[in-house]
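# Examination of the molecular architecture
The lines below spell out each chain.
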Amino acid sequence: MSSLPKTMKAVVIEKTGGTDVLQYKTDVPVPEPKGDEVLIKNEYIGINYIDTYFRSGVYSPPSFPYILGREGSGTIAAVGPNAPSDLTIGARVAYMGQSAYAEYTATTSHFVVTIPDSISTKIGAAAPLQAMTALTLIREAYAVQKGDWVLVTAAAGGVGLWLCQLLKAVGARTIATASTPEKRELAKQNGAEVLLEYHADDQDVFVKKVLEITGGEGVHAVFDSVGKDTFDSSLAVVRRKGTMVSFGNASGPVTGFALARLSAKNVKLLRTTLFNYIADREEFQQYAKELWGFIEKDGLNVKIHDIYPLEDIKRATEDIEGRKTTGKLLLKP
Ligand code: NDP
């Protein structure tokens, strides 16, 4: 630790609220890695929609002051006494954890993985949450088969574009929804076969179109991250014995669901979180290996919306909350 600075730049919140609670500070203590932790000098930090939930209070930060951010990439600057031997100082790594909106992050080695030489540090920062969410969804939430019809909402977003690419790679047929023609075009470039508007004002139009596309059956699975605004229309287009996966709240949480509605088509309904598919080091390493394989062999890529200086966190946050972004937003400390 001796060659490391004592303080660093970081984005801190002391309470939940609007973007005005985001404080860019230059005198935050550099953390010391304890136990199995490693200290990472962040090269890029990934922004995720979930960061806005922790800032706004949809989800509760564990304590205050709290450094936001849940993923990044960079090099290991120091290791805790019980860190695994493959994580050595200087190794190029990607991670998911907490307190990533900073120059340095101390994080459990459970969710730290070395990045192969063929993969850029930018993809390293963009992949842990969004790509692994997409991968766990298609493998475990609903095990997608070749030829399956799958509906993806917010298809031009971070998770959405990974889903479009992965579904194409495994031979599924994707119906993508997004709010603008430009976003839908991007989903198409990333592998979606059919593009639709949400038709939030007229669910019947949406349902009719999906049924026409799928030969009257509906889709095998829906991966819905929009939540409140699209839940009903998504459920309406799942086929008999199909699977409805709700995994996000971008428009607000889904509440007050009557279980009996599922019996209309014997639909399987899940509300998933990545952290229950990837809960230990073994699962993280296994999914990272599979993901690096897709990136290397199938040419999966990430569309970087923008790389913002860390101090521009308010602008970046307003852009993602304002639906102005596509693909991945990165921060540069
Ligand atoms: P995105 O890049 O997808 O950004 C969110 C997108 O949601 C927007 O671009 C917008 O796309 C869409 N959206 C729909 N309604 C609204 C609204 N009212 N306000 C704002 N945006 C809206 O973010 P991420 O890729 O980081 O995350 C996507 C979703 O997946 C989020 O809901 C996130 O919480 C969830 N997620 C869940 C995980 C889990 O483990 N369960 C893990 C990772 C992400 P458009 O304009 O096209 O509608």
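Per-chain numbering applies: the sequence of each chain, read as written, is numbered from 1 onward. Given that the model is predicted, a residue must reach a pLDDT of at least 70 before its local features are reported, and side-chain atom pairs must reach 80 or more before they are shown or counted; all residues, however, enter totals for whole chains, interfaces and linings. Calculated side-chain values reflect all of the structure's heavy atoms, with hydrogen atoms and water omitted.

## So, the overall build of the protein
Along its length, the protein carries nine helices and 16 strands. Radius of gyration: C-alpha atoms only; globule rule: 2.2 Å multiplied by the number of residues to the exponent 0.38. In terms of C-alpha radius of gyration, the protein reaches 20 Å, essentially the compact-globule figure of 20 Å for 333 residues. Taken along the three principal axes of its C-alpha coordinates, the protein extends 65 × 40 × 35 Å. The rule is simple: take the accessible area with a 1.4 Å probe, protein chains only, and divide by the maximum for that residue type; under 20% is buried, over 50% is exposed, in between is partly exposed. Within the protein, the fraction of its 333 residues that count as buried is 54%. A contact between two residues is defined here by any heavy atoms of the two lying within 4.5 Å. Intrachain contacts of the protein at a sequence separation of at least 6 include 69% that bridge at least 24 residues. Asp and Glu count as negative and Lys and Arg as positive, but His and the ends of the chain are not part of the count. The location of each charge is read from NZ of Lys, CZ of Arg, CG of Asp or CD of Glu. Across the protein, the 37 positively charged side chains and the 38 negatively charged ones have centroids separated by 3 Å. We count a stretch as a helix when DSSP gives it H or I for four or more residues in a row; a strand needs E for two or more, and each element gets its number in order from the N terminus.

## Examining the domain arrangement of the protein
What counts as a domain boundary in this text is fixed by an automatic or database domain assignment. Taken domain by domain, the protein comprises domain 1 (7-129 + 278-331) and domain 2 (142-271). Each partner contributes to the interface: domain 1 provides 18 residues, whereas domain 2 provides 17 residues. Accessible-area loss on putting two parts together, using a 1.4 Å probe and summing over both, is the definition of buried area adopted here. A buried area of about 1,300 Å², summed over both sides, lies between domain 1 and domain 2, and 62% of it is on carbon and sulfur atoms. It is Leu300, Arg323 and Thr326 that lose the most area in domain 1 upon contact with domain 2, and together they represent 31% of the buried surface on that side. Polar contact is defined as a pair of N or O atoms within 3.5 Å, subject to the rule that within protein one atom must be able to donate a hydrogen and the other to accept it, and that residues adjacent in sequence are counted only when both atoms are side-chain atoms. For the pair domain 1 and domain 2, the interface holds seven residue pairs in polar contact (both at pLDDT 80 or more). Mapped onto the side of domain 1 that touches domain 2, the elements with two or more residues apiece are α1 (49-56), α2 (121-126) and α8 (281-297). A per-class count over the side of domain 1 that touches domain 2 returns 11 nonpolar, four polar and three charged. Gly is put with the polar residues, along with every residue not named as nonpolar or charged; the nonpolar set is Ala, Val, Leu, Ile, Met, Phe, Trp, Tyr, Cys and Pro, and the charged set is Asp, Glu, Lys and Arg.

## Let's talk about helix α9 (residues 313-321)
Taken together, the buried positions of α9 are Ile313, Ala316, Thr317, Asp319 and Ile320. In an axial view of α9, the angular spread of the buried residues amounts to 160°, which keeps them on one side of the axis. On the buried face of α9, the contacting elements are β1 (7-13), β3 (37-47), α1, β15 (304-309) and β16 (328-332). Arg323 occupies a position one or two residues after α9 and carries a positive phi of about 60°. In this context, the arc is that of the directions from the helix axis out to the C-beta atoms.

## Regarding unusual backbone geometry
Omega for the peptide link from Phe64 to Pro65 comes to -10°, which places this bond in the cis form. Its location among the elements puts Pro65 in the loop between α1 and β4 (66-67). The residue Ala154 is not glycine, and still its phi comes out positive at about 45°. One can find Ala154 in the loop between β9 (149-152) and α4 (158-169). A positive phi is found at His199, a non-glycine position, where the angle reads about 55°. Judged by its relative accessible area of 18%, His199 falls in the buried class.

## Details of the site of the ligand
The ligand sits among 28 residues. The nearest are Tyr53, Ser179, Lys183, Tyr198 and Leu274. Measuring from an oxygen atom of the ligand, one finds a side-chain N or O atom of Arg323 at 2.8 Å. Contact with the protein chains removes 94% of the 910 Å² of surface that the ligand exposes when unbound. Mapped by element, the contributors of at least two residues to the shell around the ligand are α1, α3 (130-141), α4 and α9. Domain assignment of the residues forming the shell around the ligand places at least three in each of domain 1 (7-129 + 278-331) and domain 2 (142-271). The near set for a molecule or strand comprises every residue that places at least one heavy atom within 4 Å of it. Accessibility throughout is a Shrake-Rupley quantity obtained with a 1.4 Å probe, and a residue counts as covered only by protein chains that appear here.

## Looking at the sheet that holds β1
Paired strands, in this sense, are two strands between which DSSP finds at least two bridges. Read across the sheet, three strands follow the order β2-β1-β4 without closing on themselves; strand pairing throughout is antiparallel. Of all the strands in the sheet, the pair left with one neighbour each is β2 (23-29) and β4. In this structure, β1 lies alongside β2, joined through five bridges in antiparallel fashion. Following the sheet pairing, Val12 is matched in β2 by Gln23.

## Focus: the pattern of salt bridges
The working definition used for a salt bridge is a side-chain nitrogen of Lys or Arg within 4 Å of a carboxyl oxygen of Asp or Glu. Under the criterion given, the structure shown has 12 salt bridges. Between Arg55 and Glu321 there is a salt bridge, with its nearest N and O atoms 3.1 Å apart. Here the residue Arg55 occupies a position in helix α1, and Glu321 occupies one in helix α9, the gap between them amounting to 266 residues. Here Glu212 ties to Lys208 by a salt bridge, and the two come within 3.7 Å at their closest N and O atoms.

## Observations regarding helix α6 (residues 203-213)
What α6 keeps buried is the set Phe206, Val207 and Val210. The arc that holds every buried residue of α6, seen down its axis, measures 95°, which confines them to one face. Projecting away from the buried face of α6 at angles above 90 degrees are the exposed residues Asp204, Lys208 and Glu212. Looking at the packing, one finds that the buried side of α6 touches β9, β10 (173-177), β11 (194-196), β12 (219-224) and α7 (231-236). Of the residues trailing α6, Gly215 is marked for its positive phi of about 65°.

## Side note on the confidence of the model for the protein
Of the residues in the protein, 99% reach a pLDDT of 70 or more, and the chain-wide mean stands at 97. Predicted as a complex, the structure gets a pTM of 0.97 and an ipTM equal to 0.99. Per residue, pLDDT measures the predictor's confidence, with a range of 0 to 100.

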